[in-house]
Structure formats: structure tokens, C-alpha cells
Amino acid sequence: MEYEERYRQAQRPKYDCLLFDLDDTLYPLSSGLAISCRKNIEDYMIERLGIEKSKIPDLCNLLYKNYGTTMAGLRAIGYDFDYDEYHSFVHGRLPYENLKPDPVLRSLLLSLPIRKVIFTNADKVHAAKALSKLGLEDCFEGIICFETLNPTHKSTVSDDEDDIEFAGLITTTNTATVMTTTSTSTKIFDIIGHFSQPNLGSRLPKTPIVCKPSEDAIELALRLANINPQRTMFFEDSVRNIQSGKRLGLHTVLVGTSQRTKGADFALESIHNLKEAIPELWEADKKAEVGYTGNVAVETPVTA
Ligand SMILES: [Mg+2]
């Protein structure tokens, strides 16, 4: 019995989940979506929030640096807006035509005998659209996206997390509505002033938005998708997201550069190099005959 147990453990694959960021991880930065997204965010801040154009570069940098996303930062300093409207403004006009089907990545993913989950700060419409353009919509068990971590229908949902179904969350529609108060009556925190005169004793306000690289966001994602970080590989183009993931025990792969930085166990210039760089991921395939049990019902939550 003891021998059998040892034998079984020795045969157990090292990883049972692969957690993938989407943007600039599953497709290259050179596609131009990131730069276009940044431009749209700036336009939103000027056109919809009435922020002075000259303040935009400093403001964007500070918000992104301190809150994970510009959106999370805008909410923290006092702007109130509809999340769906924001997402459709900044993602609606992206050059999706630059994303082409990627059959190489598709067959790599499909050949991996391990759970695969998307974890993105973006909203579900963008995630579904980008995956569909890449021809990868059926390669993942589920998507953890903005709406998963920021359900705004809390009052109608039980507090018991066990009631929240992972696959259900990612397919839920119309959850991201925000109770809007009049933005004009809201006092905006002067974050530029806060950092240019750091001795004034003002405290940086907190954001209500849950997103990477916050460790709370990553922990929540792991919990919702029932992911054990010790047995999971996390693929990301963002160094700070990689570092948060590493602190929580995930195995980490920095994508988009071959330079490994602190917190990254591996670094890949392109996700296409996956098999050459980490061949052990496919070892589960051989061991599948002995001990691996794929215990997860695979659903196809992504619709174009
Ligand atoms: Mg990314």
C-alpha cells in the first residue's frame, strides 16, 4: 500500500493548471492593441470625465502604477462611471482585425493535457472577442475577467462563495452595472499633488475595483477557479503581475521577453516557444496513462 502511494505520487504530474493572461501574452505587443487601448483610455478621460489634456500623461502613469489599471485608479480618486460604458469605449474601437487566427498556438494548447484558464483584467466582451479572433475560443476551461472579480450585483447574490459557480460567473451577462452618483458632486483626490508634495500627509485612497497585480485579486481568482498555486503555471507579460503571482506560490512564466526578471521562473520571447522552453508540461501526457485524472468538466464559456 505504501509502495503504491509512493508510486502514485511519483507519477503525479507537477502541474495541474495553466493560468494565462490574455493581452500581450497570447498575442504579441506588436499587434498594436495595447497602444490603441491606451489612446482610447486617454480619450475617455478627456471626453467623458472632463479631465484636462495636459494632466493626462502624469495622471495615467500614477494611476496605473498605484492601482493596477487606470480604471481602478480613476475610481479610487473619485471618478464615477459605468463600467460597461468605460469598457465599450476603450475596447470598442480596438484594431481587432490585427489579431489573426493562431493555429500554432491553438494546437500547442490543445495538446496540453492540463486545465487551462484565462485570467485577465479586461472585461468579458473583450476577452471573448480577442480569443475568437485568435481562434482560441475553445482552448480554455474558463475565463476569469473583470466581471468575475467585480460582480456589481452583490445584493442579489448570496454571500456564500460556494454558491458562486466559476463557469457560471464567466458567462453571466449584464452584471457590470454601477450605481452612479453624480460625478459633479464627488470630490476628486489630487493624486498628482499628492506625489509632488509628499509631505502634506494625505493618504492615497483605496479603489473599489479588484484587479491584478493586487494579491487579493489573484487570491480571489485562484479561489473562484479552485486553483492550487503550487501546482499551477502562470503566464504573463507584466512583471509586476508575475511578482505578485510568485509571492502567492504560483510558478511563473514571463512572456514577451527572453530576459528572466525577479519573480519569473521562466521567460519566453513568445508563447509559441512554450514547448521548447518547458517540455515538462507535456510530461503529464505520458503519465496520464498511470495517474492523471482530468476531473474537470470542460465547458465552452466563450462566445464570439
Ligand atoms: Mg497582459
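Bringing the overall build of the protein into the picture now. When you go through the protein residue by residue, the secondary structure sums to 14 helices and 6 strands. Taking the contacts inside the protein whose residues are at least 6 apart along the sequence as the reference set, 70% of them involve residues at least 24 apart.

Next up on the list: the confidence of the model for the protein. Mean pLDDT over the protein: 85, with 77% of residues reaching 70 or higher. Below a pLDDT of 50 lies the segment residues 154-184, which in the model reaches 43 contacts outside its immediate sequence neighbourhood of four places, other chains included. Overall, residues 288-304 carries pLDDT values under 50, and its contacts beyond four positions in sequence, including any with other chains, amount to 29 contacts.

Along the chain, E141 turns up in the loop between α7 (124-134) and β3 (142-144). Once the C-alpha coordinates of E141 and R115 are considered, the two residues, 26 residues apart in sequence, prove to be 6.6 Å apart.

This part takes up the environment of L22. Secondary-structure assignment places L22 in the loop between β1 (17-20) and α2 (33-47). You can call L22 buried: it has 23 C-beta atoms within 10 Å. As for L22 and D237, which are separated by 215 residues in sequence, their C-alpha atoms are 9.0 Å apart. If near-sequence neighbours (up to four positions away) are discounted, L22 is found in contact with I118, T120, A122, A127 and A130.

On to α2, then. Over its 15 residues, α2 runs 20 Å from end to end, which matches the ideal 21 Å to within 8%, given 1.5 Å per residue. Those residues of α2 that fall on the buried side of the exposure criterion are L33, I41 and M45. Each buried residue of α2 lies within a common arc of 115° when the element is viewed along its axis, so the set occupies one face. For α2, the exposed residues set more than 90 degrees away from the buried face come down to I35 and E47. Looking at the buried residues of α2, the elements they touch are α3 (56-67), α4 (70-76) and α5 (83-92).

Here the focus is the pairing of strand β4 (residues 232-236). Counting buried residues in β4 gives 5 out of 5 residues, a clear majority hidden from the surface. Neither face of β4 is left uncovered, since the one carrying T232, F234 and E236 and the one carrying M233 and F235 both have all their residues buried. Two strands pair when backbone bridges link them, and β1 and β4 are joined in this way by 4 bridges, in the parallel orientation. Within β4, the position partnered with L19 by the bridge is F234. Bridge analysis of β4 against strand β5 (residues 251-255) gives 4 bridges, and the strand direction is parallel. Looking across to β5, one finds that F234 is bridged to T252. One crossover worth recording links β4 to the parallel β5 by way of helix α12 (residues 239-247), and it is right-handed.

The next thing to look at is the nonpolar core. Membership of the largest hydrophobic core comes to 61 residues, with the highest contact counts inside it found for L19, V117, I118, A127, I144 and F235. Looking at this core, the element that brings in the most residues is α7, giving 5 residues. Leaving out residues up to four positions away in the same chain, L19 has contacts with V117, F119, I227, T232, F234 and F235.

What follows concerns the pairing of strand β2 (residues 115-119). With 4 of 5 residues buried, β2 is to be regarded as a mostly interior element. The sheet contact formed by β1 and β2 spans 4 bridges and is parallel. When the sheet's bridge partners are listed, F20 is paired in β2 with I118. On the question of chirality, the crossover connecting β2 to the parallel β3 by way of α7 is right-handed.

Definitions and cut-offs
- Residues numbered from 1 in each chain as written.
- Predicted model: local features only at pLDDT ≥ 70, side-chain atom pairs only at ≥ 80, totals over all residues.
- Helix = DSSP H or I, 4+ residues; strand = E, 2+ residues; numbered from the N terminus.
- Contact = placed C-beta atoms within 7 Å.
- pLDDT = per-residue confidence, 0-100.
- Buried ≥ 20, exposed ≤ 12 C-beta atoms within 10 Å, placed from the backbone.
- Expected span 1.5 Å × (residues − 1).
- Arc of directions from axis to C-beta.
- Pairing = 2+ DSSP bridges.
- Right-handed = clockwise from strand over helix to strand, strands pointing away.
- Core = buried A, V, L, I, M, F, W, Y, C linked by C-beta atoms within 7 Å.

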